[in-house]
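Structural overview
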Amino acid sequence: MFENLNVWEVGALLLLALLIFGDRLPVVITDGLRMVRNLRNMARTATTDLSKELGTDIQLEDLHPKAFIRKHLLTEEDEQAIRKPLQGVYDDLRADVTGVHNEIKDVATAADPRRSGSAPARTDAPAPAPRPASYDEVT
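Figured I'd write up the structure that's included with this text. (Residues numbered from 1 in each chain as written. Predicted model: local features only at pLDDT ≥ 70, side-chain atom pairs only at ≥ 80, totals over all residues. Heavy atoms only, no water.)

1. A word on the overall build of the protein
Applied cut-off: The numbering of helices and of strands both runs from the N terminus, where a helix is a DSSP run of H or I of at least 4 residues and a strand a run of E of at least 2. Only protein chains enter the calculation, and the probe is 1.4 Å; a residue is then buried if its accessible area is under 20% of its type maximum, exposed if over 50%, and partly exposed in between.
Within the protein one finds five helices and zero strands. Element order for the protein, N to C, with α for helix and β for strand: α-α-α-α-α. The buried share of the protein, taken over its 139 residues, is 4%.

2. Remarks on helix H1 (residues 7–21)
Keep this limit in mind: By definition here, a helix of n residues has an expected span of 1.5 Å times n minus one. We call two N or O atoms a polar contact when they sit within 3.5 Å, provided that within protein one can donate a hydrogen and the other can accept it, with sequence-adjacent residues counted only if both atoms are side-chain atoms.
Taking 1.5 Å per residue as the helical rise, H1 with its 15 residues ought to reach 21 Å, and the 21 Å between its terminal C-alpha atoms agrees with that figure. Its side-chain oxygen 3.1 Å from the backbone nitrogen of Trp8, Asn6 forms the N-cap of H1. Just downstream of H1 lies Gly22, where phi reads positive at about 55°.

3. Let's talk about the pattern of salt bridges
Under the convention used in this document: Salt-bridge detection follows one rule: a side-chain nitrogen of Lys or Arg within 4 Å of a carboxyl oxygen of Asp or Glu.
Scanning all chains against the criterion turns up one salt bridge. The partner of Asp31 in a salt bridge is Arg34, with the nearest N and O atoms 3.1 Å apart. Here Asp31 and its partner Arg34 are both found in helix H2 (residues 25–54), three residues apart, which amounts to about one turn of the helix. On the basis of relative accessible area, Asp31 is assigned to the partly exposed category, the value being 39%. Look at Arg34 and you get partly exposed, because its relative accessible area is 43%.

4. What about a nonpolar patch on the surface?
The condition that has to hold: To count toward a patch, a residue needs a relative accessible area over 30% and no salt bridge; like charges are then connected within 9 Å, while nonpolar side chains (Val, Leu, Ile, Met, Phe, Trp, Tyr) are connected within 5 Å. Shrake-Rupley sampling with a 1.4 Å probe provides the accessible areas, and residues are treated as covered by the protein chains on show and by no other component.
Judged by side-chain polarity, Leu13, Leu16, Ile20, Phe21 and Val28 come together as a nonpolar surface patch covering roughly 420 Å² of accessible area. No other element matches the four residues that H1 contributes to the nonpolar patch. Residue class for Ile20 comes out exposed when judged on its relative accessible area of 53%.

5. Points about the side chain of Thr47
Here Thr47 lies in helix H2. Polar side-chain contacts of Thr47 include one of 2.8 Å to the backbone oxygen of Arg44.

6. What about the side chain of Ser51?
To keep things clear, this is the line we draw: The contact definition used throughout considers only heavy atoms, calling two residues in contact when any of these lie within 4.5 Å.
Within the secondary structure layout, Ser51 lies in helix H2. For Ser51, a relative accessible area of 13% translates into the label buried. Beyond its immediate sequence surroundings of up to four residues, Ser51 is in contact with Thr56, Asp57 and Ile58.

7. Overview of H2
In this model, H2 (30 residues) spans 43 Å end to end at C-alpha, consistent with the 44 Å of a helix rising 1.5 Å per residue. For H2, the full list of buried residues reads Leu25, Thr47 and Ser51. Buried residues in H2 make contact with H1. Downstream of H2 by a residue or two, Gly55 has a phi angle that is positive, lying close to 80°.

Nothing here speaks to function; it is geometry throughout.
So, in structure tokens, the structure goes:
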């Protein structure tokens, strides 16, 4: 949950919590932990009740609608039939993106002035038109 926070950010959060809650901080932490425990127990009870009602073993992760349908309603053949039309589109798109990526890399390599030994590739594109003088430049 906090894997993207560094030590200084966590310390700043703790200092902020201490400033906001002061002497009540231990009570607030205890209440928060009690609430998390109660939520876990409610989720565990709900999954147990649902497992008993459906007659299958259901985990908390299975309650997500996609995972539930994939695990309990679709067979492997049904899932393959759903994926087959999309797989071709995905493969075509992936090939196009790879081609564009390679072309961009080739253009960047050709335009790189730090390339050893040779001048950058010249194009026959016309030079940009001179820009008109602005009011600040004239005055």
